[in-house]
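Commentary on secondary and tertiary structure
These are the residues of each chain, in order.
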Amino acid sequence: MKDDLMKERTGFLSNDRHMGVPSGRKEVVMLSEWLKGMLEKLLCDDPASPEELLQGAEFIYAVCLQEVIRQVSVHCVERGNLIQQIWQAYL
């Protein structure tokens, strides 16, 4: 399942719109739709166990947060770094 999620992640993040160019509302909306779709896909894939479901959800949220950090960093590097530090401390 994680391999499938990684393929979906790569498909979303490899798009040129998400690689260091200024971000705006459109990218946030796209990321929100991606998050919703990935969570729905995770639930539809019928994970074998609650642990597998949790691992998949954690992975999806981690990918999404990394993209949010990237988008924030485009506008304010220091703010992006702070969010990254908070995330790392949480892990």
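Just above sits the structure.
Treat the numbers as computed from the prediction; the structure is a model and nothing was measured.

We now examine the overall build of the chain. Within the chain one finds four helices and zero strands. Among the 91 residues that make up the chain, the fraction classed as buried is 29%. For the chain, restricting intrachain contacts to residue pairs at least 6 apart in sequence, the fraction spanning at least 24 positions comes to 61%. By element, 58% of the accessible surface of the chain is carried by carbon and sulfur atoms, the whole surface being about 6,200 Å².

Right, let's get into the nonpolar core. Core analysis: the biggest nonpolar cluster contains eleven residues, these being Leu31, Trp34, Leu35, Met38, Leu39, Leu42, Ala57, Phe59, Ile60, Val63 and Cys64. Contributing elements (two or more residues each) for this core: helix 2 (25-44) and helix 3 (50-75). Here this core takes six residues from helix 2, the largest share from any one element. Leave out the neighbours within four places in its chain, and Leu35 touches Ile60, Tyr61 and Cys64.

For the structure shown, the criterion picks out one aromatic pair. Look at Trp87 and Tyr90: their rings are 5.8 Å apart centre to centre, the planes differ by 25°, and that puts the pair in the stacked class. One end of the pair is Trp87 and the other is Tyr90, both in helix 4 (residues 77-90) and three residues apart, which spans about a single turn. The class for Trp87 is buried, based on a relative accessible area of 19%. According to the relative accessible area criterion, Tyr90 is exposed, its value standing at 66%.

A few words now on the packing of helix 2 against helix 3. Relative orientation of the contacting elements helix 2 and helix 3 amounts to 175°, with a least axis distance of 10 Å. Taken together, helix 2 and helix 3 sit at an angle that is classed as roughly antiparallel. Side by side, helix 2 and helix 3 meet where Glu27, Val28, Leu31, Trp34, Leu35, Met38, Leu39, Leu42 and Leu43 of the first sit next to Leu53, Gly56, Ala57, Ile60, Tyr61, Val63, Cys64, Glu67, Val68 and Gln71 of the second. Of the residues assigned to the contact of helix 2 with helix 3, the class counts are 15 nonpolar, two polar and two charged.

Time to look at the pattern of salt bridges. On inspection of all chains with the given rule, the structure shows two salt bridges. Among the salt bridges present, the one from Arg70 reaches Glu67, with a minimum N-O distance of 3.1 Å. A residue pair is termed a helical-turn pair when its members lie 3 or 4 positions apart in one helix, as Arg70 and Glu67 do in helix 3 at three residues. Neither Arg70 nor Glu67 differs from the other in exposure class; each is buried.

So, how was this worked out
- Residues numbered from 1 in each chain as written.
- Predicted model: local features only at pLDDT ≥ 70, side-chain atom pairs only at ≥ 80, totals over all residues.
- Heavy atoms only, no water.
- Helix = DSSP H or I, 4+ residues; strand = E, 2+ residues; numbered from the N terminus.
- Buried < 20%, exposed > 50% of the residue type's maximum accessible area, 1.4 Å probe, protein only.
- Contact = heavy atoms within 4.5 Å.
- Areas by Shrake-Rupley, 256 points an atom, 1.4 Å probe, with all protein chains shown as cover.
- Core = buried A, V, L, I, M, F, W, Y, C linked by side-chain atoms within 4.5 Å.
- Phe/Tyr/Trp six-rings, centres within 6.5 Å; stacked < 30°, edge-to-face > 60°.
- Axes fitted to C-alpha atoms, helices over the stretch in contact; angles between N-to-C directions.
- Parallel < 35°, antiparallel > 145°, perpendicular 65-115°, else oblique.
- Nonpolar A, V, L, I, M, F, W, Y, C, P; charged D, E, K, R; others polar.
- Salt bridge = Lys/Arg side-chain N within 4 Å of Asp/Glu carboxyl O.

On their own, these measurements won't tell you what the molecule is for.
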